[in-house]
Amino acid sequence: MQALAIGNVTITSIVERDGPWRRPEDMFPAYDPEAGQRFLAELDPVVFDAASGRMVITYQTFVVRTPRHTILVDTCTGEDKGYPPPMDFPKQPWLDGFHGAGLRFDEVDYVFCTHLHIDHCGWNTVLRDGRWVPTFPKAKYVFHKREYAAWEEATKRGDPRGNVWRFNCEPVVAAGQALLVDDDYQLDDTVWLTPTPGHSPCHCCVNIRSGGRRAVVIGDLMHHALQCREPGWSTIFDWDAAQAAQSRRWFLGEIAGTGTSVLPIHFPHPTTGLVEADGDRFRYAFVR
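Owing to the predicted nature of the structure, the values given are computational and were not obtained by experimental measurement. (Residues numbered from 1 in each chain as written. Predicted model: local features only at pLDDT ≥ 70, side-chain atom pairs only at ≥ 80, totals over all residues. Heavy atoms only, no water.)

**A closer look at the sheet that holds strand 1 (residues 4-6)**
Strand pairing in a sheet relies on backbone hydrogen bonds. The paired strands run either parallel or antiparallel.
Then step 1. A sheet is described by the order of its strands in space; here 7 strands give the open sequence 1-2-6-7-8-11-12, paired in mixed fashion. The two strands at the open ends of the sheet, each matched to only one other strand, are strand 1 and strand 12 (178-181). This sheet shows a mean twist of 25 degrees between the axes of neighbouring strands, independent of strand direction.
Then step 2. Pairing geometry for strand 7 (residues 70-73) and strand 8 (residues 110-112), over 3 bridges, is parallel. Looking at the pairing, I71 lines up with Y110 of strand 8.
Then step 3. Helix-sheet contacts for helix 3 (residues 92-100) involve strand 2 (9-17), strand 6 (59-65) and strand 7, and the interaxial angle to strand 2 is about 155 degrees. (Pairing = 2+ DSSP bridges. Helix = DSSP H or I, 4+ residues; strand = E, 2+ residues; numbered from the N terminus. Axes fitted to C-alpha atoms, helices over the stretch in contact; angles between N-to-C directions. Contact = heavy atoms within 4.5 Å.)

**A look at the state of the cysteines**
Then step 1. Across all of its chains, the model carries 0 disulfides by this definition.
Then step 2. The cysteine C76 is free of any disulfide, with C121 supplying the nearest cysteine sulfur at 11 Å.
Then step 3. Lacking any disulfide linkage, C202 is separated from the closest cysteine sulfur, that of C204, by 6.9 Å. (Disulfide = S-S within 2.5 Å.)

**Examining helix 3**
Then step 1. When helix 3 is considered as a whole, its buried residues turn out to be W94, L95 and F98. Down the axis of helix 3, the smallest arc covering the buried residues is 95 degrees, so these residues share one side.
Then step 2. The inward-facing, buried residues of helix 3 abut strand 2, strand 6 and strand 7. (Buried < 20%, exposed > 50% of the residue type's maximum accessible area, 1.4 Å probe, protein only. Arc of directions from axis to C-beta.)

**A look at helix 8 (residues 241-255)**
Then step 1. The end-to-end C-alpha separation of helix 8 is 21 Å, in line with the 21 Å expected for 15 residues at 1.5 Å each.
Then step 2. For helix 8, the complete set of buried residues consists of A244, A245, S247, R248, F251, L252 and I255. Looking down the long axis of helix 8, one finds its buried residues gathered within 165 degrees of arc, a one-sided arrangement. Away from its buried face by more than 90 degrees, helix 8 exposes A242 and Q246.
Then step 3. Close packing links the buried residues of helix 8 with strand 15 (213-219), helix 7 (226-229), strand 16 (261-264), strand 17 (273-278) and strand 18 (281-286).
Then step 4. Where helix 8 begins, one side-chain oxygen reaches toward the backbone nitrogen of A242, 3.3 Å away; that side chain belongs to D240.
Then step 5. Following helix 8 by one or two positions, G257 adopts a phi angle in the positive range, close to 75 degrees. (Expected span 1.5 Å × (residues − 1). Polar contact = N/O pair within 3.5 Å; in protein donor to acceptor, adjacent residues only side chain to side chain.)

Any functional reading would require information that these geometric values do not contain.
What follows is the structure, given as structure tokens:
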């Protein structure tokens, strides 16, 4: 994405992977092919690869630089985790992008995780001498306390995704670098959370406000622009599909027409967009 200025805050991104990924009929259980084809014809062509019939999905981290802090929002999938295909794609692009942004691991002040899925907390930790340790040694990691507790409990029950919590989350808490927060957490007058549960137990959006402008990193509230046209299309990955759809429709209605810059983790370049109402649906317009 292009650098985005929100008052005296700048937001850029580090891309781990992008390109065609999944077919919409495989991603959305309620997908209607006839409606889907009509919607896809209306959308910006960057979001769909007609040759493969697959949606274009990006994995990225947002870098938020305020006058006081350097913040990462969501940390992709990380390296050395041993995840099976298709999550075993090369991770060097993220490292190259991180260093290309002029960053060092010890310069990050905060890491916000919108939720604790495999592709949003992977670079939280790295493997050092056989142990998982926080990647960013001076950072505080912001986890929603009930999100953390839900995945801790799921791991104890033998959830096959348990390594995500063991590898990416528990070591951060053990190192004393975690902030386990509630729905109303506010870092300062610039950065705060909005609860949008459903995709995960306590999924949150991260708000950035400065100079009278607002941007929102929406995590996985939407994976694709199709979900603006049909907010009821929740994904196969949602914890609670009905609640995810409710959160999505509420959020889209709340920001439509306000000029709020929307930053979805999985939307391809140019990523940033504005939402407008269209009857009981919405339109996503990329900002170029």
